Every structure is written in structure tokens, then in C-alpha cells.
Amino acid sequence: MRFIALMIISAALIVSPVSAGADPGSDQGSLDRLVALVLERLDTGDAVAAAKWVSAAQTGTEPTIDDPGREAVVYDAMARLGAGLDLPEGWVRQVFAGQIESNKVVQRGLITRWRFDPAAAPGSAPDLASVRPVIDRVNIDIVDQLAARRAELSAPDCAERLAVSVFGVFTAGNTDALHQAALVRAAAALCAPR
């Protein structure tokens, strides 16, 4: 199902109504806020990767990307928050699996880049304790947007609507290929299962 959504979003980006001159004020842009939040969460991957890189360098170990304990805390907390807004638990967990996995795409991409280009690697990084409150705030905002945009995210044209918003991020020119690929991965998890 996620693969199909990913393919639809990718295909829709190619033939996006935005590129064909669609009205940017139309309802199709209604998922822009949600996509902006997903991108904000995704951008924390840079700081997380840097913190993991620097920590691993200090201990002489390999950076560890996966953190099953922390991931479980996020899944459970967001499922509880979603339940309070009458959102299906499976959907909320699907959305956050997409967010977490896309963040790992960024982390893996950056760490691989730094392995091949040590001069580009960070020498210092923020403490993860300073990044987590940002992630926690954005997570809550994402759940709020899921509730506010449930009709669009449950509609048959959800992937196309998301593609319009994702394409808007791409055309703004503020993301590189790594973050764009991760954004598509994260967006593919947003549509509610039918």
C-alpha cells in the first residue's frame, strides 16, 4: 500500500496541476501546512545525524541510526494523542512510521556522505536533548493536522493532493535531493488507509 502511494505521489509530481498552471489558491493546496510540518520534522534529521556522528567519533564506534526504544515511545504517545482526536490508531502509527523512516533516510544519507567526505563532517553537534522538544512539538502539530485534514487525507485523490504540496516544496528550491526523496517517503505515509 505504501509503495503504491509512493508511486502515485512520484507520478503525480511529474504531471502535477501546479506545473500546468493550476490556481495556487484552490483547495488542492490545503495540505501545504501538513507537508510543511513533515518537512520541519524531516529537517531535524540533519541535527540528529550530526549528534550521532559526533558521539560515535568520540567513542570510536559506528553511528547508530535506529533507536527502537525512542521510536516505540513516539508511536505510543502519538497513538494516544490521535485516539483523543478519534483518529484510527493504525493510521497514526502508519504516519509516524513514515516520519521516522524518512528521518532515517536523511540520517543515513548524511552519514554516508560524511564517510566519503570527512571534511564535510560536523566537528560539533547539538545535544539530542535540544532537538527532541522540536520533534515532539512538530509531532503534536502533525496529529492535529491529521484531525483537521482527515477528509482530504481519506479521499481517493489524497496522493495527488499531497503531490501538489510536495511539488511546491521542490519548486521553492530550499531542499536537496536527499531531503526531497525523504519528503516523498514521509508524504507517502500520510494518506489514510481505505
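Below: a short report on this structure. Note that the coordinates shown come from a computational prediction; the quantities given were computed from them, not determined experimentally.

As a further point, take the pattern of salt bridges. Tallied over the full model, the rule gives 14 salt bridges. Here arginine 115 and glutamate 62 are joined by a salt bridge, their closest N and O atoms 2.4 Å apart. Within this pair, whereas arginine 115 is found in helix H4 (residues 89-116), its partner glutamate 62 is found in the loop between helix H2 (32-59) and helix H3 (68-84), the two being separated by 53 residues in sequence. Overall, arginine 115 belongs to the partly exposed group, its relative accessible area being 43%. Given the relative accessible area of 54%, glutamate 62 is considered exposed. Note that arginine 137 and aspartate 141 form a salt bridge whose closest N and O atoms lie 3.5 Å from each other.

Our next topic: the nonpolar core. Core analysis: the largest hydrophobic core is formed by 45 residues, its most contacted members being Phe96, Trp114, Ile142, Leu146, Leu153, Leu183 and Leu190. Ignoring any residue separated from it by four or fewer positions in sequence, one finds leucine 146 in contact with Leu34, Leu87, Trp91, Val95 and Leu153.

Let us now look at H2. Helix length check: H2 (28 residues) gives 41 Å between terminal C-alpha atoms against 40 Å at 1.5 Å per residue, within 8%. Downstream of H2 by one or two residues, glycine 60 has phi in the positive range, about 70 degrees.

Tracing the chain through its elements places glycine 82 in helix H3. Each C-alpha atom, one on glycine 82 and one on isoleucine 142, is 10.0 Å from the other, the two residues being 60 residues apart in sequence. For glycine 82, the contacting residues outside a window of four places in its chain are Leu87, Val92 and Val143.

Looking now at unusual backbone geometry. Phi is positive for aspartate 86, close to 65 degrees, though the residue is something other than glycine. Position of aspartate 86 relative to the elements: it lies in the loop between H3 and H4.

In a disulfide, the sulfur atoms of two cysteines are held together by a covalent bond. Tallied over the entire structure, the rule returns one disulfide. Through a disulfide, cysteine 158 is tied to cysteine 191; the S-S separation comes to 2.1 Å. Note on the cysteine 158 and cysteine 191 pair: the S-S dihedral is about -95 degrees, so by sign convention the disulfide is left-handed. Here cysteine 158 is found in helix H7 (residues 158-172), whereas its partner cysteine 191 is found in the segment after helix H8 (177-188), with 33 residues between them in sequence. For cysteine 191, a relative accessible area of 14% puts it in the buried group.

Calculation notes
- Residues numbered from 1 in each chain as written.
- Predicted model: local features only at pLDDT ≥ 70, side-chain atom pairs only at ≥ 80, totals over all residues.
- Heavy atoms only, no water.
- Salt bridge = Lys/Arg side-chain N within 4 Å of Asp/Glu carboxyl O.
- Helix = DSSP H or I, 4+ residues; strand = E, 2+ residues; numbered from the N terminus.
- Buried < 20%, exposed > 50% of the residue type's maximum accessible area, 1.4 Å probe, protein only.
- Core = buried A, V, L, I, M, F, W, Y, C linked by side-chain atoms within 4.5 Å.
- Contact = heavy atoms within 4.5 Å.
- Expected span 1.5 Å × (residues − 1).
- Disulfide = S-S within 2.5 Å.

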